[in-house]
Amino acid sequence: MSVKRNTVLTIAGSDCSGGAGIQADLKTMTAMGLYGMSVITALTAQNTTGVYGIYDVDPAFAAAQMDCVFQDIYPDAVKIGMVSRREMIDVIGGKLEEYGAVRIVLDPVMVSTSGSRLLAEDAMDALAARLLPLAEVMTPNLPEAEILSGMTIAEERQMEQAAKIIAEKYGGAVLVKGGHQVGSANDVLYRNGKLTWFPGKRIETENTHGTGCTLSSAIACGLAEGKTVEASVLAAKEYLTGALASGLDLGKGKGPLDHCFSCGTGVY
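As the structure is a computational prediction, the values presented were derived from the model and not from experiment.

## Regarding the sheet that holds strand 4 (residues 77-80)
Item 1. Read across the sheet, nine strands follow the order 3-2-1-4-5-6-7-8-9 without closing on themselves; strand pairing throughout is mixed. Of all strands in the sheet, those bounded by a partner on one side alone are strand 3 (50-56) and strand 9 (194-198).
Item 2. Here five bridges tie strand 8 (residues 187-191) to strand 9, and the two strands are oriented antiparallel to one another. From the neighbouring strand, L189 faces strand 9, where its bridge partner is T196.

Written out as structure tokens, the structure is:
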């Protein structure tokens, strides 16, 4: 008996400790019942306490990876995570256009949780010019939404304004995540002129490594299955909440989520 599964491609960096990046994406896709594929843009030496080294993949090799995926198992959706170099962004954008990629979810990783800038100015310009206009959904956190909208965000009304500005500037839907607000896990989506709020249950835990990667990958899974953007966001938030609430506790720093909480095995 043959089995058909929807497919999702993640384009991102590798996290050797398994909590974020490619590893978090593939775990999320598997847990949600989809077939995950990956294009690795960088190798990192990191764990729950920090990032200790980055080894960038040659853009030409990333292009070769994309050719192999799109020419054989065409993805139903694509998730893009952290891409830190202009040359890599140009290659990714060119290949996505070449193959007519659809249902693209972009997690515009520009600023770390601590507020550190993660992209050089020329890379940020390339991201805005080459990748943001291709995205069906963007998922900026508050610091990233401030950069993309050019405004300060301190309350929910300003989250709405920023989402509208970003969507009108780049096209597509914009989900501004409220996870950086103390006491709030509410997110707002602006799509086709309509605002939709997604209330979230804030889980009190220090183990939040990879939440952004996980949410964007889960949204891509929903789109790959043919769900609407709104339904995909709702399912993704429910999955993320479960992964946080499961209580996985690994490592000496900010630990990873329990991506397999719903796989019948519970916490690892």
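## Examining the environment of L257
Item 1. Inspection of the secondary structure assignment puts L257 in the segment after helix 8 (229-245).
Item 2. Residue L257 is classed as buried on the basis of its relative accessible area of 2%.
Item 3. In this structure, the C-alpha to C-alpha distance between L257 and L244, residues 13 residues apart in sequence, is 5.6 Å.
Item 4. Residues within four places of L257 in sequence aside, it is in contact with N207, T208, H209, G210, T211, T214, L240, A243, L244 and L248.

## Some details on the packing of aromatic side chains
Item 1. For the coordinates displayed, the defined rule picks out three aromatic pairs.
Item 2. Aromatic side chains F70 and Y99 sit 5.1 Å apart centroid to centroid with 5° between the ring planes, which places their arrangement in the stacked category. Residue F70 is found in helix 2 (residues 59-70), and its partner Y99 is found in the loop between helix 3 (86-98) and strand 5 (104-106); the two are separated by 29 residues along the sequence.
Item 3. With relative accessibility at 5%, the residue F70 sits in the buried group.
Item 4. Residue classification places Y99 among the buried residues on the basis of a relative accessible area of 18%.
Item 5. With a centroid separation of 5.5 Å and 35° between ring planes, the pair formed by Y239 and F261 is classed as tilted. On the criterion of sequence distance, the pair formed by Y239 in helix 8 and F261 in the segment after helix 8 is long-range, its members being 22 residues apart.
Item 6. For Y239, a relative accessible area of 6% corresponds to the buried category.
Item 7. Taking the relative accessible area as the measure of exposure, F261 reaches 27% and is therefore partly exposed.
Item 8. Site record: aromatic cluster; members linked through ring pairs are F70, Y74 and Y99.

About the cut-offs
- Residues numbered from 1 in each chain as written.
- Predicted model: local features only at pLDDT ≥ 70, side-chain atom pairs only at ≥ 80, totals over all residues.
- Heavy atoms only, no water.
- Pairing = 2+ DSSP bridges.
- Helix = DSSP H or I, 4+ residues; strand = E, 2+ residues; numbered from the N terminus.
- Buried < 20%, exposed > 50% of the residue type's maximum accessible area, 1.4 Å probe, protein only.
- Contact = heavy atoms within 4.5 Å.
- Phe/Tyr/Trp six-rings, centres within 6.5 Å; stacked < 30°, edge-to-face > 60°.

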